[in-house]
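What follows is each chain in one-letter form.
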Amino acid sequence: MEKIDICPFCASEQIIENNGTYYCAECEREFTNDDVEFESIRHQVSAILFNEDATEGNPIGCDNYNDYLVIGDDEAQGISELEKPHITKIFQDCDGIIWVEIEGTSDYTEFDDLSLSDARIILAWLKENLESFRLSSWL
């Protein structure tokens, strides 16, 4: 594993390593390599949503493309893709919080409450489907 030199939350270099976990003396947060990856993904998703002007009033609909945004791979071992939860909408509010609507739920879920696996899936889906959507709109 690569050694972490910068805090993913505050960019401080005051990092203390202890057996695979890290502590930031600046923001006083503990984190792991997975937290660093999640934070990187969150920043990329945020940039995409900002670029697409995806707000609560104008969310990205994730169920109107050819490929649904299915999540829950880690939690739903052994069930079919149709039975897994999928995200219907995603947007970012004015405070920079990313929200997703999961089919069958009445409330939005904060992106930060999702698993690393789900975050990876969301980023890959946004990159693939938004690019395909843009290309097809030019034709």
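This text goes with the structure placed above it.
A. Main features of the overall build of the protein. When you go through the protein residue by residue, the secondary structure sums to 2 helices and 8 strands. Secondary structure of the protein in N-to-C order comes out as β-β-β-α-β-β-β-β-β-α. Here the contacts in the protein between residues at least 6 apart in sequence split such that 49% fall between residues at least 24 apart.

B. Structural detail: the state of the cysteines. For the coordinates displayed, the defined rule picks out 0 disulfides. The thiol of Cys10 is not disulfide-bonded; the next cysteine sulfur, from Cys24, is found 3.6 Å away. By relative accessible area, which is 34% here, Cys10 ends up partly exposed.

C. Highlighting the nonpolar core. Formed by 24 residues in total, the largest nonpolar core has its most connected members in Val45, Ile60, Ile90, Phe111, Ile122 and Leu126. Elements represented by at least two residues in this core include exactly helix H1 (33–51), strand E6 (86–92), strand E7 (98–102) and helix H2 (116–138). Per element, the largest residue contribution to this core is 7 residues, and it comes from H2. The contacts of Leu126, once residues within four sequence positions are left out, are Val45, Ile48, Ile60, Ile90 and Glu131. Residues Ile4, Cys7, Ile15 and Tyr22 belong to the second largest nonpolar core, which totals 6 residues.

D. Inspection of the pattern of salt bridges at higher detail. Throughout the structure, instances matching the rule amount to 3 salt bridges. Between Arg120 and Glu37 there is a salt bridge, with the nearest N and O atoms lying 2.8 Å from each other. Taken together, the residues span a long stretch of sequence, with Arg120 in helix H2 and Glu37 in helix H1 at a distance of 83 residues. Relative accessible area serves as the criterion here: at 40%, Arg120 is assigned to the partly exposed category. Look at Glu37 and you get partly exposed, because its relative accessible area is 30%. Salt-bridge contacts for Asp112 lead to Arg42; the nearest nitrogen and oxygen are separated by 3.8 Å. Taken together, the positions of Asp112 in the loop between strand E8 (108–110) and H2 and Arg42 in helix H1 put the pair 70 residues apart, joining distant regions of the chain. Looking at Asp112, the relative accessible area reads 39%, which means it is partly exposed. The network of salt bridges with shared partners includes Glu39, Arg42 and Asp112.

E. Geometry of H1. Compared with the 27 Å implied by 1.5 Å per residue over 19 residues, the 27 Å span of H1 between its first and last C-alpha is a close match. Every buried residue belonging to H1 is among Phe38, Glu39, Ile41, Arg42, Val45, Ser46, Ile48 and Leu49, and all of these are buried. Of the residues flanking the start of H1, the one acting as N-cap is Thr32, its side-chain oxygen 3.3 Å from the backbone nitrogen of Asp34. Looking one or two places after H1, you find Asp53, whose phi comes out positive at around 55 degrees.

F. Looking closely at the side chain of Thr88. Secondary-structure assignment places Thr88 in strand E6. Looking at Thr88, the relative accessible area reads 9%, which means it is buried. Within polar-contact distance, the side chain of Thr88 engages the side chain of Glu101 at 2.6 Å.

Cut-offs and rules
Residues numbered from 1 in each chain as written. Predicted model: local features only at pLDDT ≥ 70, side-chain atom pairs only at ≥ 80, totals over all residues. Heavy atoms only, no water. Helix = DSSP H or I, 4+ residues; strand = E, 2+ residues; numbered from the N terminus. Contact = heavy atoms within 4.5 Å. Disulfide = S-S within 2.5 Å. Buried < 20%, exposed > 50% of the residue type's maximum accessible area, 1.4 Å probe, protein only. Core = buried A, V, L, I, M, F, W, Y, C linked by side-chain atoms within 4.5 Å. Salt bridge = Lys/Arg side-chain N within 4 Å of Asp/Glu carboxyl O. Expected span 1.5 Å × (residues − 1). Polar contact = N/O pair within 3.5 Å; in protein donor to acceptor, adjacent residues only side chain to side chain.

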